[in-house]
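# Observations on the model geometry
Residue-level listing of the chains:
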Amino acid sequence: MKLTAMIFLTLDGVYQGPGGRDEDRRGGFDRGGWMTPGSDDAVGAFIESVYQRADALLLGRRTWEIWAPYWPHHDDHPIGHIINLLPKYVPSSTLVDPEWHNTHVIDRGTEARVRELKARPGRELQVHGSGVLLRWLLERGLVDELNLLLHPVVVGDGLRLFPEKGPTHELALLESRATPSGVTIQVYRPAGSTAPGTAG
């Protein structure tokens, strides 16, 4: 399976709490819900098209915890039905006996387990949100495709996908388009990472 990732970002690189003010309050973050005003039919169609390619999901624990109380009760939604049906793999040393159907906890050997999942037959192993996990995967060269949905807003606070100091990531642009509401969809193929200041 190809490992693909999709994440909503602000123009200043924040991924925290896109869906609601109280969605993710880590670090006292109180500026959540920034995604809702920037949604349109084109964004929704793209998101649905991505989910339709998935054969499995790889989710960070925080994203899993946000989804678990919601999606099992919204199986009538096209995306909700896909999420509920697919196997969900969650790297975590603290998540025990998850009740959500088809959830599998990876409690050790995460990199080896992800590589094993990628080696299975199928279309895509998808990461949604899960910024901490996504950064970890990028640093290890495990991401095959990166879908960034850049929303035309600067929130000025919150968790960012890329740290102020970290590896240099080289990305090959596969697709770029803007939706009517100003959301920019950027699809990249990661082409490796190096120490800061050594790309070239």
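Rules behind the numbers
Residues numbered from 1 in each chain as written. Predicted model: local features only at pLDDT ≥ 70, side-chain atom pairs only at ≥ 80, totals over all residues. Heavy atoms only, no water. Helix = DSSP H or I, 4+ residues; strand = E, 2+ residues; numbered from the N terminus. Contact = heavy atoms within 4.5 Å. Salt bridge = Lys/Arg side-chain N within 4 Å of Asp/Glu carboxyl O. Buried < 20%, exposed > 50% of the residue type's maximum accessible area, 1.4 Å probe, protein only. Arc of directions from axis to C-beta. Core = buried A, V, L, I, M, F, W, Y, C linked by side-chain atoms within 4.5 Å. Pairing = 2+ DSSP bridges. Polar contact = N/O pair within 3.5 Å; in protein donor to acceptor, adjacent residues only side chain to side chain. Phe/Tyr/Trp six-rings, centres within 6.5 Å; stacked < 30°, edge-to-face > 60°. Lys NZ or Arg CZ within 6 Å of the ring centre and 35° of its normal.

Inspection of the secondary structure assignment puts Leu148 in strand E6 (residues 145-151). Among residues more than four places away in sequence, those in contact with Leu148 are Ile7, Leu9, Leu161, Thr184, Ile185, Gln186 and Tyr188.

Here the focus is the pattern of salt bridges. Where side chains of opposite charge bring their charged atoms close, a pairing between them can arise. Summed over the entire model, instances satisfying the criterion amount to 17 salt bridges. Close ionic contact of Arg26 with Asp24 constitutes a salt bridge, the shortest N to O distance being 2.6 Å. Judged by relative accessible area, which is 27%, Arg26 ranks as partly exposed. Among the ionic pairs, Glu116 bridges to Arg113, the shortest N-O distance being 2.4 Å. One end of the pair, Glu116, and the other, Arg113, are both in helix H4 (residues 110-118), three residues apart, so they sit about a helical turn from each other.

The next thing to look at is the environment of Met35. Looking at where Met35 falls in the secondary structure, it is placed in the loop between strand E1 (2-10) and helix H1 (41-51). On the basis of relative accessible area, Met35 is assigned to the buried category, the value being 17%. Residues Met35 and Val153, 118 residues apart in the sequence, show an inter-C-alpha distance of 8.6 Å.

For the rest of this paragraph, the subject is H4. Considered for burial, the residues of H4 that qualify are Thr110, Val114, Leu117 and Lys118. The buried residues of H4 occupy an angular sector of 100° when the element is viewed end-on, so they sit on one face. Tucked inside the fold, the buried residues of H4 contact E1, strand E2 (54-58), strand E3 (88-91), strand E4 (103-106), strand E5 (124-128) and helix H5 (131-139).

Right, let's talk about the nonpolar core for a bit. Taken as a class, soluble globular proteins show a tendency for nonpolar side chains to be buried jointly. Ranked by internal contacts, the top residues of the largest apolar core, which has 30 residues, are Ile47, Tyr51, Trp67, Ile83 and Leu149. For this core, the secondary structure elements donating two or more residues are E1, H1, E2, helix H2 (61-67), helix H3 (78-85) and strand E8 (184-194). Among the elements that line this core, the one with the most residues is H1, at five residues. Leaving out residues up to four positions away in the same chain, Leu149 has contacts with Met6, Ile7, Phe8, Leu9, Val43, Phe46, Ile47, Val183, Thr184 and Ile185. Residues Met1, Ile106, Leu133 and Tyr188 belong to the second largest nonpolar core, which totals 24 residues.

When a strand is regular, its side chains alternate between the sheet's two faces. Residues Lys88 and Val90 line one face of E3 and the alternating positions Tyr89 and Pro91 line the opposite face, and both faces are buried. As paired strands, E2 and E3 are joined by two bridges and run parallel to one another. Paired with Leu57 across the two strands is Lys88, which belongs to E3. Of the strand pairs in this sheet, E3 and E4 are connected by four bridges, and their pairing is parallel. By the bridge assignment, Tyr89 is partnered in E4 with His104.

Tracing the chain through its elements places Asn84 in helix H3. A residue is classified by how much of its surface remains accessible, and Asn84, at 9% relative accessible area, is buried. Polar contacts involving the side chain of Asn84 include one to the side chain of Asp75, which spans 3.0 Å. Those residues within four positions of Asn84 in sequence are excluded, and the remaining contacts are Trp71, Pro72, His74, Asp75, Trp100 and His101.

Another aspect to go through is the packing of aromatic side chains. Two measures describe an aromatic ring pair: the distance that separates the ring centres and the angle between the ring planes. Under the criterion given, the structure shown has two aromatic pairs. On the numbers, 6.0 Å between centres and 45° between planes, the contact of Trp64 with Trp100 is tilted. Of this pair, Trp64 sits in helix H2 while Trp100 is found in the loop between E3 and E4, placing the two residues 36 residues apart along the sequence. For the pair Trp64 and Trp100, a shared accessibility class is recorded, and that class is buried. Both rings, one in Tyr70 and one in Trp71, keep their centres 4.9 Å apart while their planes meet at 80°; by these two values the pair is edge-to-face. A residue is classified by how much of its surface remains accessible, and Trp71, at 13% relative accessible area, is buried. Sitting over the ring of Trp100, Lys88 keeps its end group 4.7 Å from the ring centre.

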